[in-house]
Amino acid sequence: MKRSGFRATSIVLLMLCLMYFITYLDRVNVSTAAAGFGKDFNLNKTEIGLVFSAFAYPYLVFQIIGGWVSDKFGAKRTLIVCGVLWALATILTGFAGGLISLLLARLLLGLGEGATFPAATSAMARWVKKENRGFAQGITHAFARIGNAVAPAAIVFVMAAYGWRMSFYVCGVLSLIWVIVWMFVFTEDPADHPGVSPEELAGLPVVKKKNVKIPWGPLAKRMAPVTIVYFCYGWTLWLFLSWIPQYFLHSYDLDLKKSALFASSVFFAGVVGDTLGGIVSDRILIRTRNIKWARSYMVSICMFLTLLSLLPLLFTHNLTVSIISLSAGFFFAEMTIGPMWAIPMDIAPEYSGTASGMMNTGSALAAIISPVLSGYLIDRFGNWELPFVGSMILMGFGVVLAFRMQPESKFQLAATGTDNAGNAHPVNP
């Protein structure tokens, strides 16, 4: 590959942005398509909630496993295998003939997407400057939210012309195209990339590839507060991704096109929040040189603002108020993403894939519980605002626990620990 006019680091970041966009398009298209297959298969809200959350079971399991695989075998091979799996799962969803086959396809999707974000974080640990970690995580997740925002309108358009099944076929083909391009543009070590410049290499961090076993116990203990905080965030995320299109459709008796438009407006607020959150986090770090301010304090403040934004839903049932409240809530929730995903790289750069996988188990667990419980509450009480009460409670808990994440303290093994060569590791100060 000859050096082009584009920076190699920018090309790699763009490919990761496109991956986040496509994975979320594949992940949330089911929320809008539910208006089609829910009617075809005569599913109630609880059953539709099961379809929404089915992918999260293997997704949860393969977060940590996928992180370990990416640390051991590299992000390139990991994402090639994952991409083929999630593309196949998306296409198979279009062939579903009922609830069981829908659930099986979604389980395969969770298997394919389980390692994607930890593997991407492992790649960023080598390809992104330390001072740009918040921005890189923010902009990639912003593309994920663009996927959220585009999905309702795009899926409705395809459904109207060709039916709900075609929407899954189109998404699956896009996934396969990404995999092919990724094979040719990414190298594990930036120094091996034929298009990278000496100036780019000089600014990238040196992440030593250690031939050691992952320190599972100490690392899990170190990441536990981060994982719990991310569960609190994930609860709101999956409530929004799963039910917002249906919320506008049924709570306000809108038609499918209008509900998709309003859902997209909420998700576009998340796009801005993701991008701005990463930029603000990095700016705070550059100005103060204080990682705790840039990560922990910022997450805490944004979670508190999310809670305040959602409060009006409990006191009024008005379409304008709901759009503003939900958009503001999603905006502030997404502002936490840049700093949150930078934390595993701050704490454990050598094990960033595994550490980020541990953190994302929090969101994956929330993805299992939140859509189903929300669907049950809607079926049981007929109140579409009730599920947001849980979001507010967990955001309040996250506000307090965010102070325990300690990204300023880099992970190190205890002095008694040894690597495969028998060398002792320094004590964590």
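Residues numbered from 1 in each chain as written. Predicted model: local features only at pLDDT ≥ 70, side-chain atom pairs only at ≥ 80, totals over all residues. Heavy atoms only, no water.

Draft legend 1. Highlighting the overall build of the protein. For the protein, the count of helices and strands is 16 helices and zero strands. Taken over C-alpha atoms, the radius of gyration comes to 21 Å for the protein, in line with the 22 Å a tight globule of 429 residues would show. Judged by the C-alpha coordinates and their principal axes, the protein covers about 65 × 45 × 40 Å. Within the protein, the proportion of its 429 residues that are buried is 59%. Considering only contacts in the protein between residues 6 or more positions apart, those separated by 24 or more positions represent 84%. For the protein, the exposed area adds up to about 16900 Å²; of that, 68% sits on carbon and sulfur atoms. Between the averaged position of the 32 positive side-chain charges in the protein and that of its 22 negative side-chain charges there is a distance of 5 Å. (Helix = DSSP H or I, 4+ residues; strand = E, 2+ residues; numbered from the N terminus. Rg over C-alpha atoms; globule rule 2.2 N^0.38 Å. Buried < 20%, exposed > 50% of the residue type's maximum accessible area, 1.4 Å probe, protein only. Contact = heavy atoms within 4.5 Å. Areas by Shrake-Rupley, 256 points an atom, 1.4 Å probe, with all protein chains shown as cover. Lys, Arg positive; Asp, Glu negative; His and termini not counted. Charge placed at Lys NZ, Arg CZ, Asp CG, Glu CD.)

Draft legend 2. Fine view of a nonpolar patch on the surface. Residues Tyr162, Met166, Val170, Val173, Leu174, Ile177 and Val181 make up a contiguous nonpolar surface patch of about 600 Å² in total accessible area. At six residues, helix α8 (residues 164-185) tops the list of elements feeding residues into the nonpolar patch. Of note, Tyr162 is situated in helix α7 (residues 133-162). Here Tyr162 falls in the exposed class, since its relative accessible area comes to 62%. (Patch = residues over 30% accessible without salt bridge, like charges linked within 9 Å, V, L, I, M, F, W, Y side chains within 5 Å. Salt bridge = Lys/Arg side-chain N within 4 Å of Asp/Glu carboxyl O.)

Draft legend 3. Up close: the packing of helix α12 (residues 291-310) against helix α13 (residues 319-334). Axis separation between α12 and α13 bottoms out at 8 Å; the angle between their running directions is 170 degrees. Compared by their axis directions, α12 and α13 come out roughly antiparallel. Each of Cys302, Leu305, Thr306, Ser309 and Leu310 in α12 lies in contact with α13, whose residues at this interface are Ser325, Leu326, Ala328, Gly329, Phe332 and Ala333. Residues of the contact of α12 with α13, tallied by class, amount to seven nonpolar, four polar and no charged. (Axes fitted to C-alpha atoms, helices over the stretch in contact; angles between N-to-C directions. Parallel < 35°, antiparallel > 145°, perpendicular 65-115°, else oblique. Nonpolar A, V, L, I, M, F, W, Y, C, P; charged D, E, K, R; others polar.)

Draft legend 4. Molecular detail of the packing of helix α1 (residues 8-40) against helix α4 (residues 75-94). It is the contact of α1 with α4, at a shortest axis distance of 11 Å, that shows an interaxial angle of 30 degrees. The orientation of α1 with respect to α4, classified from their angle, is roughly parallel. The handedness of the crossing between α1 and α4 is left-handed. Along the contact surface, α1 presents Leu16, Met19, Ile22, Thr23, Asp26 and Asn29, while α4 presents Leu79, Trp86 and Thr90. For the contact of α1 with α4, a count of residues per class yields five nonpolar, three polar and one charged. (Left-handed = near helix turned anticlockwise from the far one by under 90°.)

Draft legend 5. Inspection of the nonpolar core at higher detail. In this structure, Phe37, Phe248 and Leu326 are the most contacted members of the largest nonpolar core, which totals 122 residues. Looking at this core element by element, the count peaks at 18 residues for helix α10 (residues 216-251). If near-sequence neighbours (up to four positions away) are discounted, Phe248 is found in contact with Asp253, Leu254, Ser259, Phe262, Ala263, Val266, Leu319, Ile323 and Leu326. If you look at the next biggest cluster of nonpolar residues, it comprises five residues, including Ala269, Met298, Phe331 and Met335. (Core = buried A, V, L, I, M, F, W, Y, C linked by side-chain atoms within 4.5 Å.)

Draft legend 6. Spotlight on the confidence of the model for the protein. In the predicted model, the protein carries a mean pLDDT of 88, and the fraction of residues at 70 or more is 93%. Here residues 415-429 is a poorly scored stretch, pLDDT under 50, and it has 27 contacts once near neighbours within four places are set aside; other chains count. (pLDDT = per-residue confidence, 0-100.)

Draft legend 7. Layout of the environment of Glu334. One can find Glu334 in helix α13. Residue class for Glu334 comes out buried when judged on its relative accessible area of 0%. Once residues lying within four places of it in the same chain are set aside, the contact partners of Glu334 are Arg145, Tyr233, Leu237, Gly270, Gly273 and Asp274. One polar contact links Glu334 to Arg145, side chain to side chain, over a distance of 2.4 Å. (Polar contact = N/O pair within 3.5 Å; in protein donor to acceptor, adjacent residues only side chain to side chain.)

Draft legend 8. Region of interest: the side chain of Ser175. Following the sequence through the fold, Ser175 ends up in helix α8. Side-chain polar atoms of Ser175 contact the side chain of Asp26, separated by 2.6 Å. A polar atom in the side chain of Ser175 sits 3.1 Å from the backbone oxygen of Cys171. Non-local contacts of Ser175, meaning those with residues more than four positions away in its chain, are made with Ile22, Asp26, Trp86 and Ala87.

Draft legend 9. Highlighting the packing of aromatic side chains. Taken as a whole, this structure holds 31 aromatic pairs when the rule is applied. Taking the centre distance of 4.3 Å and the plane angle of 15 degrees together, the rings of Trp182 and Phe186 count as stacked. Residue Trp182 is classed as buried on the basis of its relative accessible area of 0%. Residue class for Phe186 comes out buried when judged on its relative accessible area of 1%. Linked through ring pairs, Tyr20, Tyr24, Phe55, Tyr59, Phe117, Tyr230, Tyr233, Trp238 and Trp341 together constitute an aromatic cluster. Cation over ring: Arg27 sits above Tyr24, and NZ or CZ is 4.3 Å from the ring centre. One residue, Arg27, lies across the ring of Phe117, its end atom 5.3 Å from the ring centre. (Phe/Tyr/Trp six-rings, centres within 6.5 Å; stacked < 30°, edge-to-face > 60°. Lys NZ or Arg CZ within 6 Å of the ring centre and 35° of its normal.)

Draft legend 10. View of α1. Taking 1.5 Å as the rise per residue, α1 with 33 residues should run 48 Å; its terminal C-alpha atoms sit 47 Å apart, in good agreement. Along α1, the largest kink reaches about 60 degrees and is centred on Ala33. Within α1, 26 of the 33 residues are buried, leaving the element largely enclosed by the surrounding structure. (Expected span 1.5 Å × (residues − 1). Bend = angle between axes of the 7 residues up to and from the residue.)

Draft legend 11. Geometry of unusual backbone geometry. In the Ramachandran plot, Arg289 falls in the positive-phi region, its phi being about 55 degrees despite a non-glycine side chain. Note on Arg289: relative accessible area 56%, which makes it exposed. Although it is not a glycine, Gln406 sits at a positive phi angle of roughly 50 degrees. Along the chain, Gln406 turns up in the segment after α16 (387-401). The class of Gln406 is partly exposed, set by a relative accessible area of 36%.

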